[in-house]
Amino acid sequence: MRRWLVVGSLWLVGAASPATNDQPPTTPSLIVIISVDQLRYDYVERFAPWFSQGGFNRFIKSGATFPNTHYLHAITFTGPGHATIGSGKNPAEHGIIGNHWFEPESAVDTKRWNWYFDDQTGYEPPVKTPRDPSRPLWFQFERGSPRYCVYDDSVMVSAGTTTGMSPRSLIGEGLGDRVKAKYPAARVIGIALKDRAAILMAGRNADAAYWFDHKLPGFVSSSYYEYDPKLFAFNTTVRGYVPGSHAWNLSPYIPADDLKRVTFDPPEAWPLKNNKYGGTFPHPINDARALVYSPYGSDVALDFALWTIAAESLGSRSTTPDVLFIGLSSTDYFGHYYGPDSMEAADGVVRLDRSLERFLDALDRRFGDRLVVALTADHGVQPTPEILKLRYPNLDAGRIDLRNPSKDGQLLSDLSPQRLQIEKELAARLGLPFSASAPYSHALAYFFEEPSLYINIDRVRELKLDPERVKRALRDIVMALPGVDRAYTNTEIERSSKVEPMVRRSYMNGRSGDVFITLRPNWIWTWGSNSTTHGQPVENDTHVPLMFWGTGVVKGRYDIAASPLDLARTLGALVGVDIGGVEARVLPCIGGAPLPSAAIESVLQMALQQLDPSGKQSLVAGEKLSGQARGAAAKLRTVVTRSDLPVGFIRVDSVEVAGDRATVRLWTGPIPKPSPGEISMDCGTGHTYNFSRSDGDWHLDSMGIVKC
């Protein structure tokens, strides 16, 4: 089927018929939320033939799935995604607008800068000017320091040498906080390989969050929590997860011919991957860092979760629900290195499926009908541009390099060529002299953190420039860069109604930058050697799975538009707590929010009147069409099945309702040869009708036709 990216709307074709809404939800004693880092939705479909029965298929066949799930915010990174999963709010509400941001009014904090440079290497010029010891380094010129989303040097890590971490930058309550408020004896714990995944999902009042330090190696926590030291006995087992071969070898789960068909990974692509652990199989595993860059890292996290459940007796009380958040980060680690079209992505996902099967089997044996599990992802990922262009040479794809200088930079010439060109053009537009050998304190665009540039407000004041004029000039220069889709000043985001809603949902005054940039599909920011990334408001990054299984879940495939925002509010409804932001909903898989059948019927009737004023043509209803959609169609026209198609008929493809906007898509013409047991809806002549509602009445705004 053809797919459209739809945010905040209702999809009908292919939706299951949910149970009636008068079924009271059953309260589970353990709620488990699994976030698979960088699990793009298409993985679930592309690799489905090789899944086990009890991993992803447990949700697909015995639970509730929402295949049209998209993030509604623009900055699709780990921190914002996990905070959204845990809170049911957008970044503009929970405050985690990125993995990092810049605080220009703060003092220069050496600890925070050192932490930043441990994570971000910065741009290294091919020919570097020797460092002048009499000059300060670039980040020492002005005020300001970067902020890592969970960095907190006021607390201590339980082991190792890293800085303490906490959720203090997270604003407001999450699912775990509300559960603890209603059930004071409830335990809420976050576990992940990444600190930000465990911490931001679990929330501000969690009992504990545990994350993995590969240098130990093992799990750690911080003094922010009342963590349980006895759990760290698990760390003695970590080295045992390294396979005997000391390598990640390609598994036999996907036959060779099928693997070639569902990936694009010829030998020519291997040098275009990150080669730290080799560009193809086998990938060496000689230490704990390499371990988490392989599928075996998921086994470490899931087994530690089982260890924690047993040691803490989670889910042992029928009247008190405990909440366990689990972040599986290895898919993100090796996904960045090898890309979504690689053999590594395919093998990693089918291996993950079997790891999930073992984990869910263990939970099922222990809890039976006292358990509910949700699975989603914090974001997707884009293809590696160089590999994409190897496959499609004429495709518009590439990288933009706006990196800050490396740690020992001092001059404007230490910037990347694109950043240096921006400074040169900005000076010309503002009538200022320019010299690449000037100290970095002369930079007008001082700091870049995806996807924003922060201006050098001290330099702007020194030159008596209008900050708004500087920001507008910077915006216009950036807009001309290849690969850039949109750019906005922070003032525009705050004041203009023309700014994309996804951008607004990712913006927070005081944390977001001065010029916010979005890229076109298949374009990414340069950040590492031969790696791909995510972070844009495009389908590859926003489209993720959302699945539920367990007590209180009404099974079925629900082809309504959904978001990870809805996860916390939906699970909260199971245990009697309300959580989530203004756009979060209770999904109908637990007998929650009813679907807007009156709006469905109204816009469908208007579309049919436009296409067939005589009202004589019958409708074709797909076998998986939802009960409400089928009911609306049946009230309006005769609904026929594939076995008795008339000469003239109309195929109902989708009805989307989003507040006061709606779209109906219908198909006419010869029906394609169907697959066994289902009707293909997306060929022939397609008719699209766009509606809006004012004063309670729907009006046709526009219509279009496409043929295939």
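Residues numbered from 1 in each chain as written. Predicted model: local features only at pLDDT ≥ 70, side-chain atom pairs only at ≥ 80, totals over all residues. Heavy atoms only, no water.

Asker: So what's going on with the overall build of the chain? Residues and values would help.
Answerer: The number of helices and strands found in the chain is 22 helices and 25 strands. Looking at the 708 residues of the chain, the share that counts as buried comes to 60%. Residue pairs at least 24 apart in sequence account for 73% of intrachain contacts in the chain once pairs closer than 6 positions are excluded. In the structure as shown, the chain presents an accessible area of about 26900 Å², 51% of it carried by carbon and sulfur atoms. (Helix = DSSP H or I, 4+ residues; strand = E, 2+ residues; numbered from the N terminus. Buried < 20%, exposed > 50% of the residue type's maximum accessible area, 1.4 Å probe, protein only. Contact = heavy atoms within 4.5 Å. Areas by Shrake-Rupley, 256 points an atom, 1.4 Å probe, with all protein chains shown as cover.)

Asker: Mind laying out the pattern of salt bridges, listing which residues take part and the relevant values?
Answerer: Side chains that differ in charge, positive against negative, can pair when their charged atoms come close. Here the structure, examined in full by the defined rule, presents 37 salt bridges. A salt bridge links R168 to D152; its shortest N-O distance comes to 2.3 Å. A residue pair is termed long-range when its members are at least 10 positions apart, and R168 in the loop between β4 (145–148) and α6 (175–182) and D152 in the loop between β4 and α6 qualify at 16 residues. The exposure class assigned to R168 is partly exposed, which follows from its relative accessible area of 45%. (Salt bridge = Lys/Arg side-chain N within 4 Å of Asp/Glu carboxyl O.)

Asker: Lay out the packing of helix α11 (residues 330–338) against helix α12 (residues 343–367) in plain terms, naming residues and giving numbers.
Answerer: Describing two packed helices takes the angle between their axes plus the distance from one axis to the other. It is at 9 Å that the axes of α11 and α12 come closest, and there the two elements cross at 165 degrees. The angle between α11 and α12 falls in the class roughly antiparallel. Considering only the axes of α11 and α12, their crossing is left-handed. On the side of α11, the interface is formed by T331, F334 and Y338, while α12 contributes E344, A345, G348 and L352. Partitioned by chemical class, the residues of the contact of α11 with α12 number 4 nonpolar, 2 polar and 1 charged. (Axes fitted to C-alpha atoms, helices over the stretch in contact; angles between N-to-C directions. Parallel < 35°, antiparallel > 145°, perpendicular 65-115°, else oblique. Left-handed = near helix turned anticlockwise from the far one by under 90°. Nonpolar A, V, L, I, M, F, W, Y, C, P; charged D, E, K, R; others polar.)

Asker: An account of the confidence of the model for the chain is needed here, citing residue identities and associated values.
Answerer: Overall, the prediction assigns the chain a mean pLDDT of 90, with 89% of residues at 70 or greater. Residue range residues 1–25 is modelled with pLDDT below 50. Its contacts to residues more than four positions away, or to other chains, number 85 contacts. pLDDT under 50 marks residues 674–681. Its contacts with residues more than four places away, or in other chains, come to 21 contacts. (pLDDT = per-residue confidence, 0-100.)

Asker: Residues and numbers for the environment of R196, please.
Answerer: Along the polypeptide, R196 turns up in helix α7 (residues 195–202). In contact with R196, other than residues within four places in its own chain, are T78, G79, H82, N99, Y148, C149, V150 and M201. Among the polar contacts listed, one links the side chain of R196 to the side chain of Y148, at a separation of 2.9 Å. (Polar contact = N/O pair within 3.5 Å; in protein donor to acceptor, adjacent residues only side chain to side chain.)

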